[in-house]
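Here is how the chains run, residue by residue.
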Amino acid sequence: MVKNEILAKYWDLKEVNDAFAKMHPEELQYDLKAEVFLVLCEMNEDKLIGLYERNELKFYIVRTMLNMIKSDRSGFYKNYRNHTEFVNTDKDFEVIDYDKLDLVDKLSKNLEGLHWYNATLLKLYAIDFKKNAKELSRKTGIPYMSIIRTINKTKKQMKQNIRK
């Protein structure tokens, strides 16, 4: 079998399509599939045929898919996952003079302006779990490194907002 025939066969393979169907959000499933198959198209033909003959190609596809989903350095992340959606709430925001507030007021006002996920995670981390990210990870099911990155990013953002 040649490279193009192998790729065409695996593009339509039910097991491969089922693996892509489990990815969320659903609107990125086709884009992820296209990116994975782009990697396969760019792969050395001998390597691809070798994976196919050893019945390892399905596993390679799934591993590539998972790496693209989870890695913040993958082309898929840079092209598709890293975009944030603008939501216009049409609210009038009051201008806060942070110089007139004490530190606790500054923190609480700043916490209100954060994304709900970041604010909730920071509250859980600081209050409920007494700064224990591993325990928070176990209880919520959120990956440990995701919690650490989110907490660090949120704290950095809050410091910048307060110092303005």
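Definitions and cut-offs
Residues numbered from 1 in each chain as written. Predicted model: local features only at pLDDT ≥ 70, side-chain atom pairs only at ≥ 80, totals over all residues. Heavy atoms only, no water. Helix = DSSP H or I, 4+ residues; strand = E, 2+ residues; numbered from the N terminus. Buried < 20%, exposed > 50% of the residue type's maximum accessible area, 1.4 Å probe, protein only. Contact = heavy atoms within 4.5 Å. Areas by Shrake-Rupley, 256 points an atom, 1.4 Å probe, with all protein chains shown as cover. Salt bridge = Lys/Arg side-chain N within 4 Å of Asp/Glu carboxyl O. Core = buried A, V, L, I, M, F, W, Y, C linked by side-chain atoms within 4.5 Å. Patch = residues over 30% accessible without salt bridge, like charges linked within 9 Å, V, L, I, M, F, W, Y side chains within 5 Å. Lys, Arg positive; Asp, Glu negative; His and termini not counted. Charge placed at Lys NZ, Arg CZ, Asp CG, Glu CD. Polar contact = N/O pair within 3.5 Å; in protein donor to acceptor, adjacent residues only side chain to side chain. Phe/Tyr/Trp six-rings, centres within 6.5 Å; stacked < 30°, edge-to-face > 60°.

Participant: Any details on the overall build of the protein? Residues and values, ideally.
Facilitator: Of the regular secondary structure elements, the protein holds 10 helices and 0 strands. For the protein, the succession of helices and strands along the chain, N to C, is α-α-α-α-α-α-α-α-α-α. Taking all 164 residues of the protein together, 30% fall into the buried category. Excluding contacts between residues fewer than 6 apart, the proportion of contacts in the protein whose partners are at least 24 apart in sequence is 58%. When the accessible area of the protein is evaluated, it comes to approximately 12100 Å², of which 51% is carbon and sulfur surface.

Participant: Pulling in residues and values, what's your account of the environment of Trp11?
Facilitator: Secondary-structure assignment places Trp11 in helix H1 (residues 3-12). C-alpha separation for the pair Trp11 and Phe37, spaced 26 residues apart in sequence, amounts to 7.9 Å. Excluding anything up to four places from it in sequence, Trp11 contacts Asn17, Tyr30, Lys33, Ala34 and Phe37.

Participant: Talk me through the pattern of salt bridges; I want residue IDs and the actual numbers.
Facilitator: Scanning the entire structure with this criterion turns up 6 salt bridges. Asp72 is the partner of Arg73 in a salt bridge, and the nearest nitrogen-oxygen pair spans 3.7 Å. Residue Asp72 is classed as partly exposed on the basis of its relative accessible area of 35%. Several salt bridges share partner residues, and in doing so they unite Glu135, Arg138 and Lys139 into one network.

Participant: Describe the nonpolar core, naming the residues involved and giving the relevant values.
Facilitator: Core analysis: the biggest nonpolar cluster contains 22 residues, and Tyr10, Phe20, Leu32, Phe37, Leu40, Leu57 and Ile61 have the highest contact counts within it. When residues of this core are traced back to their parent elements, those giving at least two are H1, helix H2 (14-21), helix H3 (29-42), helix H4 (45-53) and helix H5 (57-70). Contacts of Leu40, omitting those with residues within four sequence positions, involve Lys3, Leu7, Leu48, Leu57, Tyr60 and Ile61. Within the second largest apolar cluster, 12 residues are counted, among which are Leu114, Ala119, Leu121 and Ile147.

Participant: I'd like a rundown of a positive patch on the surface, residues and numbers included.
Facilitator: Positive charge collects at one region of the surface, where Lys131, Lys155, Lys159 and Arg163 lie side by side. Locating Arg163 in the fold gives a position in helix H10 (residues 144-163).

Participant: So what's going on with the side chain of Thr154? Residues and values would help.
Facilitator: As for its position among the elements, Thr154 is in helix H10. Classification of Thr154 as buried rests on a relative accessible area of 1%. A polar side-chain atom of Thr154 sits 2.7 Å from the main-chain carbonyl oxygen of Thr150.

Participant: Outline the packing of aromatic side chains, listing residues and values.
Facilitator: In this description, a pair of aromatic rings is defined by centroid distance and the angle of the planes. Under the criterion given, the structure shown has 4 aromatic pairs. For the pair Tyr10 and Tyr52, a centre-to-centre distance of 6.1 Å together with 85 degrees between the ring planes defines the contact as edge-to-face. Taken together, the residues Tyr10 in helix H1 and Tyr52 in helix H4 connect sequence positions 42 residues apart. Among the residues examined, Tyr10 registers a relative accessible area of 6% and is labelled buried.

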